[in-house]
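Each chain, letter by letter, is given below.
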2 protein chains.
Amino acid sequence: MTRTRSSGPALAVVGATGAVGSVLLQMLSLRADVWGEIRLIASARSAGRMLVVRAEETEVIALTEDAFDGLGPGDIALFLTPADISARWAPVVTARGTVVIDLSAAFREDLEVPLVVPEVNGHAVRIRPRGIVAGPDCVTATMIAALGALHSEYALRDLVVSSYQAASAAGRAGSETLRRQQSLVAGTSLGEQPGDVRRAVGEDTGPFAAPLALNVVPWSGELRADGWSSHELAVRGETRRILQLEQLPVSVTCVQVPVLTGHSLTVRARFEREVEAAHAREILEAAPGVVLVDDPAAGEFPTPVDAAGTDPAWVGRVRVSLDDPYALEFFVCADNLRKGAALNAAQIAELIAGEFA
Amino acid sequence: MTRTRSSGPALAVVGATGAVGSVLLQMLSLRADVWGEIRLIASARSAGRMLVVRAEETEVIALTEDAFDGLGPGDIALFLTPADISARWAPVVTARGTVVIDLSAAFREDLEVPLVVPEVNGHAVRIRPRGIVAGPDCVTATMIAALGALHSEYALRDLVVSSYQAASAAGRAGSETLRRQQSLVAGTSLGEQPGDVRRAVGEDTGPFAAPLALNVVPWSGELRADGWSSHELAVRGETRRILQLEQLPVSVTCVQVPVLTGHSLTVRARFEREVEAAHAREILEAAPGVVLVDDPAAGEFPTPVDAAGTDPAWVGRVRVSLDDPYALEFFVCADNLRKGAALNAAQIAELIAGEFA
């Protein structure tokens, strides 16, 4: 049974077979269906695979010039690809008048490419001189809806963030590495003696800079000047761009933890105006894309295993600093494959499709 | 072959059979031996067990008034016990003139009980009006040697700390809970769907407020006013006491992670004086009880599986804030059973034994 798909823009998904692609295809099957054709594109290695989207078996085609045949103005291509692939292929697509939404770092610092989280700066999608819209890094995306809502009320003055990042943000290789290591250390007394986890896990730490099972790894990205990592600088730069606070002091420490899906962050935000905890909770409760889970007496606080598989950012542990009535502390978790990637891309695509309607 | 132990103070170890007790007994066998008798005391349930200390099988005796017979001035009792046991029994021991070193929270806020980390304020052991010396919480102990050294040079102005706490800080029940949960989730695809880890792990989360395997849990301690946990307030209060900065602004978020042994912290410290990264590294390199592991280009940064089983605090990821030349960020790991507990207790005991020599 093939449905007719004459109406709605076409949507090309480039990188359809990856970890974010899988989640996106599930989402497209569940969200309001605004799309005509949905075309699945991936590397030549994955071409010919059949994937289900909107309950239909769909063949994956190889990423070549021909893959975009028939797409034009009014259509959209989502790039769920590494930055080098996005940089190479996005101009091929925009040359046809098709809008590109890219989730990689390729265009996030390009001032002619809006960096968009719909709950915070959805209006920014409309001005896209290069025909490209970027989504932020998954750590930025975890906190930005909550921060944006608080900033509107209190005016953000500075930010200190520590991350607890899930393995799946490094793609399938990340999840598989953690699963393999978890099996190697399960049911043992490993983790009590120096070097025992390193010996059990072996030299192959996959996409991580050290063993991840029973460990935390304070490194993510490439080394930049003065000991900072590219990932830490990206979160700083993106937060400034999305909130339009180009001088905002932001300190970030990126740390990988042995969690499969769901990034968590501790956030200490100082504001221009004095913060009242009950009012801050009201703001968070009303913020789009945020759920407040904040009753420690009842065991209610966000954790990544609860946030995994869900759309919103879960915020809890909201408290005003004891020594500074202008500072608020909170803890936030979100599914790094959803709000951190696929969901944000789908939301941006739907906003743009709305323009075309 | 029984050695003669006529010289040196007697050392009673109360709570000898617990997780910290085991580590302490290993340490007493390896460190310079300044002790006469070493007496092992535990709950009635553990009485009669034989434990090895200084290569001798030693019988564990039950915690009763009689357990302290023969101890007097010039002897020392280490309490590795919950706060209620320490509060009940420490006065029984000090009534004999024997000095108590307590690692629980029972006396940490008592201004007549010095709170001591030998690398930072070892001099404080000498003034102990109640005959009791306390050791700090394991989170405070993880960072305090590094912070103390930096404070001496730059004068600390405020502090933001996030923890990545190991399961063994909750004793054997903590380690066993994490091991059991690790076995239940190993080799599965759990951690990707809402609730799947909770269902696999079941209702029994042991000493933790939520499942710990493949998760992080932003809660530790009891609920206090305004959403703060007792553990967070303890780290704030103890840091102020040990550094003698009673008004220091300190923000702490305590988070449990699926690591067996080794607490990690991200620290953002602002100082009165401008910080230069290379000089800060020199200070940390020279600080007693600290090792600097800070060459990310070579994959060198601290992780808990490397710090577990070792004595010092491992410090790395040292960088000056990009937006504030008065602020330093770093990451620090230490074995919560050693520097966080047994090692600190042994060091305090040796300082006091030195007074008696």
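Note that the coordinates shown come from a computational prediction; the quantities given were computed from them, not determined experimentally.

**Q** Help me understand the sheet that holds strand E12 (residues 313-320) of chain B, please; the structure alone is not making it clear to me.
**A** Residue and element names in this part refer to chain B. Strand order across the open sheet formed by six strands is E9-E8-E10-E13-E12-E11, with mixed pairing between neighbours. Each edge of the open sheet carries a strand with a single partner, namely strand E9 (250-253) and strand E11 (290-292). Going from strand to strand, the sheet's axes swing by 25° on average, the running direction of each strand aside. Sheet topology note: the E12/strand E13 (residues 327-334) ladder contains five bridges and is antiparallel. Residue pairing for E13: Val320 is matched across the bridge by Leu328.

**Q** I keep staring at the interface of chain B and chain A and nothing clicks. Help me out?
**A** Size of an interface: often given as the accessible area lost when the parts come together. The interface of chain B with chain A comprises 75 residues on the first partner and 75 residues on the second. Roughly 6000 Å² is buried in total at the junction of chain B and chain A, and carbon and sulfur atoms are behind 57% of that figure. Counting every contact that joins chain B to chain A gives ten salt bridges. Of the charged contacts, one joins B:Arg198 and A:Asp306 as a salt bridge, the two residues approaching to 2.6 Å between their closest N and O atoms.

**Q** Just to check I follow, could you spell out the relation of the copies chain B and chain A for this structure?
**A** There are two copies of the chain, and a rotation about an axis plus a shift along that axis relates them. Overlay of chain B on chain A (RMSD 0.0 Å): rotation 180°, translation along the axis 0.0 Å. Between the two chains, the operation in question is that of a two-fold axis.

**Q** Sorry, what's going on with the packing of helix H1 (residues 19-30) of chain A against helix H10 (residues 338-356) of chain A here?
**A** When two helices pack together, their arrangement is given by the angle between their axes and by how far apart the axes lie. Residues and elements named next belong to chain A. One can describe the packing of H1 onto H10 by two numbers: an axis separation of 9 Å at closest approach and a directional angle of 45°. The angle between the axes of H1 and H10 places the two elements in the oblique class. Crossing geometry of H1 relative to H10 is assigned as right-handed. The residues of H10 that touch H1, namely those facing Val20, Val23, Leu24, Gln26 and Met27, are Arg338, Ala341, Ala342, Leu343 and Ala346. In terms of residue class, the contact of H1 with H10 is built from eight nonpolar, one polar and one charged.

**Q** I tried to follow the packing of aromatic side chains on my own but got confused; where do I start?
**A** Any pair of aromatic rings gets described here by the distance separating the centres and the angle formed by the planes. Counted under the stated rule, the structure contains nine aromatic pairs over all chains. Pairing A:Phe68 with A:Phe79 gives two aromatic rings, centres 6.5 Å apart and planes at 20°, and the pair type is stacked. Of this pair, A:Phe68 sits in the loop between strand E5 (61-62) and strand E6 (76-79) while A:Phe79 sits in strand E6, and the two are eleven residues apart along the sequence. A residue is classified by how much of its surface remains accessible, and A:Phe79, at 0% relative accessible area, is buried. An angle of 65° between the planes, with centres 6.1 Å apart, marks the rings of B:Tyr164 and B:Phe331 as edge-to-face. Here B:Tyr164, found in strand E8 (residues 156-164), pairs with B:Phe331, found in strand E13; they are 167 residues apart in sequence, far enough to count as distant. Comparing B:Tyr164 with B:Phe331 shows no difference in burial state: the two are buried. Through successive ring pairs, a cluster of aromatic residues spans A:Tyr164, A:Phe331, B:Tyr164 and B:Phe331. Lying over the aromatic face of A:Trp89, A:Arg88 brings its terminal NZ or CZ to 4.2 Å of the ring centre.

**Q** Help me understand the pairing of strand E2 (residues 38-42) of chain A, please; the structure alone is not making it clear to me.
**A** Along any regular strand, the residues point their side chains to alternate faces of the sheet. Residue and element names in this part refer to chain A. Burial of E2 is extensive: five of the five residues sit out of reach of the surface. Bridge analysis of strand E1 (residues 11-14) against E2 gives four bridges, and the strand direction is parallel. Each bridged residue has a counterpart across the sheet, and for Val14 the counterpart in E2 is Ile41. Pairing of E2 with E5, which is carried by two bridges, proceeds in the parallel orientation. Pairing of Ile41 across the sheet is with Ile61, part of E5.

**Q** Just to check I follow, could you spell out the environment of B:Arg224 for this structure?
**A** Residue and element names in this part refer to chain B. Within the element layout of this structure, Arg224 appears in the loop between helix H6 (196-201) and helix H7 (230-243). Considered as a pair, Arg224 and Thr310 are 86 residues apart in the sequence and their alpha carbons are 34 Å apart. Other than its neighbours up to four places away in sequence, Arg224 contacts Ser229, Ser230 and Leu233.

**Q** Teacher, can you tell me more about the domain arrangement of chain A here?
**A** Residue and element names in this part refer to chain A. Splitting chain A by domain gives domain 1 (11-135 + 341-356) and domain 2 (140-335). The distance between the C-alpha centroids of domain 1 and domain 2 comes to 26 Å. The interface of domain 1 with domain 2 comprises 19 residues on the first partner and twelve residues on the second. In this assembly, domain 1 packs against domain 2 so that about 1200 Å² is buried in total across both faces, 61% of it on carbon and sulfur atoms. The three residues of domain 1 that bury the most area against domain 2 are Leu115, Glu119 and Val120, which together make up 37% of that side's buried surface. Linking domain 1 with domain 2 are one salt bridge. In this structure, Arg108 and Glu238 form a salt bridge, with 3.6 Å as the shortest nitrogen-oxygen distance.

**Q** Is there a simple way to explain the UniProt feature "domain: Semialdehyde dehydrogenase NAD-binding" (unreviewed entry) in chain A in this structure?
**A** Taken from the UniProt record, the annotation "domain: Semialdehyde dehydrogenase NAD-binding" (unreviewed entry) applies to residues 10-128 of chain A. What you have in residues 10-128 of chain A is 24% helix and 23% strand, and the ends, taken at the C-alpha atoms, are 19 Å apart.

**Q** I keep staring at the pattern of salt bridges and nothing clicks. Help me out?
**A** Side chains bearing opposite charge may pair, as long as their charged atoms lie close to each other. Residue and element names in this part refer to chain B. For the coordinates displayed, the defined rule picks out 38 salt bridges over all chains. As a salt-bridge pair, Glu355 and Arg128 come within 3.0 Å of each other at their nearest N and O atoms. Note that Glu355 is positioned in helix H10 (residues 338-356) and Arg128 in the loop between helix H3 (118-121) and strand E7 (132-134), a separation of 227 residues in sequence. The class for Glu355 is partly exposed, based on a relative accessible area of 25%. Asp311 is paired through a salt bridge with Arg338; the nearest N and O atoms lie 3.2 Å apart. Of the two residues, Asp311 is situated in the loop between helix H9 (304-307) and E12 and Arg338 in helix H10; the sequence distance between them amounts to 27 residues. Classification of Asp311 as partly exposed rests on a relative accessible area of 32%.

The rules behind each value
For every chain, the first residue of the written sequence is number 1, and numbering continues from 1 along that sequence. Chain letters start at A and ligand numbers start at 1, both assigned in the order the entries are written. A pLDDT threshold of at least 70 governs which residues receive local features in this predicted model, and a stricter bar of 80 or more applies before side-chain atom pairs are shown or counted, although totals over entire chains, interfaces and linings include all residues. Side-chain metrics in this entry use all non-hydrogen atoms of the structure; hydrogen atoms and water are not considered. At least two bridges found by DSSP between two strands is the condition for calling them paired. Put simply, DSSP marks the helices as runs of H or I at least four residues long and the strands as runs of E at least two long, and each gets a number from the N terminus on. Axis lines are fitted to C-alpha atoms, over the contacting stretch for helices. Their N-to-C directions set the angle, which ranges from 0 to 180 degrees. By the convention used here, residues are in contact when the closest approach between their heavy atoms is within 4.5 Å. By buried area we mean how much accessible surface two parts lose on assembly, using a 1.4 Å probe and totalling the loss over both. Any Lys or Arg side-chain nitrogen located within 4 Å of an Asp or Glu carboxyl oxygen qualifies as a salt bridge. Alignment of copies: least-squares fit on C-alpha atoms of residues with pLDDT of at least 70 in both copies. Between 65 and 115 degrees an angle is taken as roughly perpendicular, under 35 as roughly parallel, over 145 as roughly antiparallel, and anywhere else as oblique. Helix crossings are classified by the rotation of the near helix relative to the far one: an anticlockwise turn of less than a right angle makes the crossing left-handed, while a clockwise turn makes it right-handed. Each residue is assigned to one class: nonpolar for Ala, Val, Leu, Ile, Met, Phe, Trp, Tyr, Cys and Pro, charged for Asp, Glu, Lys and Arg, and polar for all the others, Gly among them. Centres within 6.5 Å make a pair out of two Phe, Tyr or Trp rings, where for Trp the six-membered ring is used; the pair is then stacked when the planes are under 30 degrees apart, edge-to-face when over 60, and tilted otherwise. Partly exposed describes any residue whose relative accessible area lies between the buried limit of under 20% and the exposed limit of over 50%, with all areas from a 1.4 Å probe on protein chains only and scaled to the type maximum. Criterion for a charge above a ring: Lys NZ or Arg CZ within 6 Å of the ring centre, and within 35 degrees of the ring normal. Domain start and stop points were drawn from an automatic or database domain assignment. UniProt positions are given in the numbering used here, feature names are shortened, and annotations may be inferred rather than shown by experiment.

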